[in-house]
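Results of the structural survey
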Amino acid sequence: MGADHTSKSVGTVWGLLILNTLGSAGAKTIIPLPRSLIQMVTMGALVAAFALALAVNLRLRIRASAYVLLLTLLLVPSVISSANLEAGFGALFRCTRLALFVGTLWLLSRWWDGGLTFVRRHIRMYFAVLGSVAAGLVVSPGAALPDLYGGRLVGALWPLTPPQIGQYAAVIIGLTVLLVLGRRTDRASAAVVIVPSLVLLALTHTRTATLGLFIGLALAIGSLILTSAAARRFFTWAVLCATVAAVAFSSALQAWFLRGQSQENFSNLTGRAKVWDALLAAPRTTSEQLFGAGLGDKSFGGLPIDNSWLAVYNEQGLIGVALVAAIIVVLGGVALLRPPSLSRACAIFLISYCAIASYTEAGLGDASPYLLHLALAASLLAAPAVAAAATPLSTPEVPRRHIPRWARRSEVT
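Residues numbered from 1 in each chain as written. Predicted model: local features only at pLDDT ≥ 70, side-chain atom pairs only at ≥ 80, totals over all residues. Heavy atoms only, no water.

Digging into the overall build of the protein
Stated formally: To qualify as a helix, a DSSP run of H or I must reach at least 4 residues; to qualify as a strand, a run of E must reach at least 2; elements of each kind are numbered from the N terminus. Whether two residues are in contact is decided by their heavy atoms, any of which lying within 4.5 Å being enough. Exposure was quantified through the Shrake-Rupley algorithm and a 1.4 Å probe, taking into account, for residues, occlusion by the shown protein chains and nothing else.
A tally of helices and strands in the protein yields 18 helices and two strands. Taking the intrachain contacts of the protein between residues at least 6 apart in sequence as the baseline, contacts between residues at least 24 apart amount to 76%. In the form shown here, the protein has an accessible surface area of approximately 20600 Å², with 67% of it arising from carbon and sulfur atoms.

Topic: the side chain of T176
Inspection of the secondary structure assignment puts T176 in helix α7 (residues 162-181). Ignoring sequence-local partners within four residues, the contact set of T176 consists of I123, A190, V193 and I194.

As for the packing of aromatic side chains
The description of an aromatic ring pair rests on the distance of the ring centres and on the angle between the ring planes. Note the following rule: Only rings of Phe, Tyr and Trp enter the pairing, Trp through its six-membered ring, and a pair is recorded when the two centres are within 6.5 Å. The plane angle decides the type: under 30 degrees is stacked, over 60 is edge-to-face, the rest tilted. Each residue is placed in one exposure class: buried if its accessible area under a 1.4 Å probe, protein chains only, is under 20% of its type's maximum, exposed if it is over 50%, and partly exposed if it falls in between.
In this structure the tally under the stated criterion is four aromatic pairs. With a centroid separation of 5.1 Å and an interplanar angle of 65°, the aromatic rings of W14 and F118 are classed as edge-to-face. Residue W14 is found in helix α1 (residues 3-20), and its partner F118 is found in helix α5 (residues 117-139); the two are separated by 104 residues along the sequence. A relative accessible area of 0% means that W14 is categorised as buried. What makes F118 buried here is its relative accessible area of 4%.

As for the confidence of the model for the protein
As a reminder of what qualifies: Summary of the metric used: pLDDT quantifies the predictor's per-residue confidence within the range 0 to 100.
In the predicted model, the protein carries a mean pLDDT of 87, and the fraction of residues at 70 or more is 88%. Counting contacts from residues 387-398, a segment whose pLDDT is below 50, to residues more than four positions away or on other chains yields zero contacts.

Remarks on the nonpolar core
Worth spelling out the cut-off: In this description, a nonpolar core means a group of buried Ala, Val, Leu, Ile, Met, Phe, Trp, Tyr and Cys residues linked to one another through side-chain atoms lying within 4.5 Å.
Ranked by internal contacts, the top residues of the largest apolar core, which has 96 residues, are W14, Y67 and L105. By residue number, the principal contributor to this core is α7, which donates 12 residues. Not counting chain neighbours up to four residues away, the residues in contact with L105 comprise W14, L17, Y67, V68, L71, W112 and A375.

Description of the pattern of salt bridges
Side chains that differ in charge, positive against negative, can pair when their charged atoms come close. Formally: Throughout this description, the term salt bridge denotes a Lys or Arg side-chain nitrogen within 4 Å of a carboxyl oxygen of Asp or Glu.
Inspection of every chain in the model, using the stated rule, returns three salt bridges. The partner of K298 in a salt bridge is E315, with the nearest N and O atoms 3.2 Å apart. Of this pair, K298 sits in the loop between α14 (286-291) and β1 (299-300) while E315 sits in helix α15 (residues 308-337), placing them 17 residues apart in sequence. The salt bridge partner of D366 is K298, with a shortest N-O separation of 3.1 Å.

As for the packing of helix α3 (residues 66-82) against α15
Our working rule: Note on geometry: axes are lines fitted to C-alpha atoms, helical ones only across the stretch in contact, with angles between N-to-C directions running from 0 to 180 degrees. Just so you know how the angles are binned, under 35 degrees is roughly parallel, over 145 roughly antiparallel, 65 to 115 roughly perpendicular, and the rest oblique. Each residue is assigned to one class: nonpolar for Ala, Val, Leu, Ile, Met, Phe, Trp, Tyr, Cys and Pro, charged for Asp, Glu, Lys and Arg, and polar for all the others, Gly among them.
Put simply, α3 and α15 touch, their axes get as near as 9 Å, and they point 175° apart. Here α3 lies roughly antiparallel to α15, going by the angle between them. Residues A66, Y67, L70, L71, L73, L74, P77, S78 and S81 of α3 form the contact with α15, whose participating residues are E315, Q316, I319, G320, L323, V324, A326, I327, V330 and L331. Counted by class, the contact of α3 with α15 contains 14 nonpolar, four polar and one charged residues.

Here it is, written out as structure tokens:
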């Protein structure tokens, strides 16, 4: 199999993993899509991704990865808790999905070398997803900005909620900005991605994605300041523009941030705090505290949990929380120990964004875009593979010793 064909196949696998994590039943589309059809498409994409990854890596060559190892360990409490069928047979289905997801990442780890190839694939795929959102907005503005979500942007062609769209937009904006600073793409190409993504992010009114974008970019660019003049200039201008905007448009920014909510509703995080308090107050057995109640739909009492840590605690117990915390700590620690580079900056942005979003979004304990973002960070932090077998071993050439003429004559006689 040629190198170009393999590269395309690996890119296709990554795209299928992204498609698998797009499942949502929150938004109403122009053409109603049955939930069974959505599940068939997303699960079929995962099975195809695993099969294709296996086809291009038949010898099962993998790279050591603490991130994927911790995800593999996360399967243990997931299976133990789901085997009780307290969450129904759907829990076992979700365990199978997580196992295929992790197995595909193991197969892809062979190509994790600290390069930016997967970053470009990540940007292209999510930009294509945002393109479908923009198309739905053009075709049916009413369906894309429904009153059900307070006029926030949703997916009108494929069911995507405002937080999902905001997440995808924020991630590709941050990564594209870093590529520009690292001179890995031109400004015109970057503007094609950044400008429409910023518009879509603004239309979603997603506070978590916006804060994650700015804080993650600040940390990522901060890691480049000592070695990049472009990063220093961008950081200075960004701080200046942000200060001017905060003063000149303070009322408009406040209105956008509050989304028409009262201070009380804003303080309890749009009702999330009530769900969190009820979840923590619910009685649990020792087994449920350690291993959780099994993989579910990230809800409690029929309401979304919207917190990765509490969702993991509810479904995978304290062991799951410890493993997810270890994932963030290990990736963050490795990023801090790496020398300054563009790959390191992209990884810091992704890790920071996922850590910030985990407070109001669920997904760190199951196959989700957040685990894909962290997988991308792990690929960026991987040390370049040493191609020792690329060149055959040869005996080092011994330098020829100069023999004087008189010695040569004596040897002849």
